[in-house]
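# Structural features, examined
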Amino acid sequence: MDALHALHSRTSVNLLTTPGPTSEQLDAIVRAGLRACDHANLRPWRFLLIEGDARAKFGDLMVKVKEEMEGARISAEAAEKLKCKPMRAPSILVVAAKISKHEKVPEVEQVLSAGASAQMMMTAAHALGIGAIWRSGSLMFQSTMRAGLGLDENDQIVGFIYLGTPKILKPAPNLDPVDYLTHWS
Ligand SMILES: Cc1cc2nc3c(=O)[nH]c(=O)nc-3n(C[C@H](O)[C@H](O)[C@H](O)COP(=O)(O)O)c2cc1C
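Below or above, wherever it landed, is the structure these notes cover. (Residues numbered from 1 in each chain as written. Predicted model: local features only at pLDDT ≥ 70, side-chain atom pairs only at ≥ 80, totals over all residues. Heavy atoms only, no water.)

For strand 4 (residues 131-135), the tally of buried residues reaches four of five residues, placing the bulk of the element in the interior. Relative to strand 5 (residues 156-166), strand 4 is paired through five bridges, and the arrangement is antiparallel. Its bridge partner being in strand 5, Ala132 is matched across the sheet by Leu163. (Buried < 20%, exposed > 50% of the residue type's maximum accessible area, 1.4 Å probe, protein only. Helix = DSSP H or I, 4+ residues; strand = E, 2+ residues; numbered from the N terminus. Pairing = 2+ DSSP bridges.)

Here's what the structure looks like:
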């Protein structure tokens, strides 16, 4: 797909099924993430791929984090609902910012760069015909989630990119740059 067409037509796909991206497609997607803008070449992004049985383990981690946030056990029904979340796609890419101290690059810029890498990967997936949706939620900001995923305490998860074969495609909304662009003088 032509690059501009991919940029202009990308939409999120929330209903995903198997198959997930092949290893070649994942490689192409991650390579796109590596071309995000990056102040001082810190390469502040880290990607974790969760597939197959690891999704169930991720669901268990979600329950653990939720219970810690609530300070109590959650109901069996609520736990089941959480455990089903990672099963909504064959592949999940966790995108995190690996934060380091830098005299010129504050933390927010490192998080922005990781976010930019997520967006690059979203568009690359779309260009390859792979459905993707960027998900988040309060669990993402918890220390136990970071630890459970093997991240450092000062890292920041910026999103969970769910990837798979689209069940339904929606058209891109008809947005007009005029509504968002002002000529300042
Ligand atoms: C940082 C971030 C977090 C998001 N978290 C969620 C989420 O948890 N659940 C969700 O359904 N959509 C979430 N979204 C929105 C979707 O990824 C998507 O952009 C939105 O549904 C609009 O669809 P579109 O991308 O096709 O325009 C998030 C988007 C961003 C940028």
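Next comes the rest of the account.
Now for helix 3 (residues 54-70). A rise of 1.5 Å per residue sets the reference length of helix 3, with its 17 residues, at 24 Å; its end C-alpha atoms lie 24 Å apart and thus fit the reference within 8%. For helix 3, the full list of buried residues reads Arg55, Phe58, Gly59, Leu61, Met62, Val63, Val65 and Glu67. Where the residues of helix 3 are buried, they touch strand 2 (45-51), helix 4 (76-84), strand 3 (91-97), helix 6 (143-148) and strand 5. Phi for Gly71, located one or two positions after helix 3, is positive at around 70 degrees. (Expected span 1.5 Å × (residues − 1). Contact = heavy atoms within 4.5 Å.)

All residues in the neighbourhood of the ligand are listed as Arg10, Thr11, Ser12, Ile133, Trp134, Arg135, Ser136 and Lys170. Take Arg10: an N or O atom from its side chain is 3.0 Å from an oxygen atom of the ligand. Here an oxygen atom of the ligand and a side-chain polar atom of Arg135 are 3.4 Å apart. Protein chains shield 53% of the accessible area of the ligand, which is 610 Å² for the free molecule. Residue composition of the shell around the ligand, by class: two nonpolar, three polar and three charged. (Near = heavy atom within 4 Å. Polar contact = N/O pair within 3.5 Å; in protein donor to acceptor, adjacent residues only side chain to side chain. Areas by Shrake-Rupley, 256 points an atom, 1.4 Å probe, with all protein chains shown as cover. Nonpolar A, V, L, I, M, F, W, Y, C, P; charged D, E, K, R; others polar.)

Here Arg35 shows up in the loop between helix 2 (23-33) and strand 2. Using a relative accessible area of 59% as the deciding quantity, one classes Arg35 as exposed. When the C-alpha atoms of Arg35 and Met121 are compared, they prove to be 9.5 Å apart, with 86 residues separating the residues in sequence.

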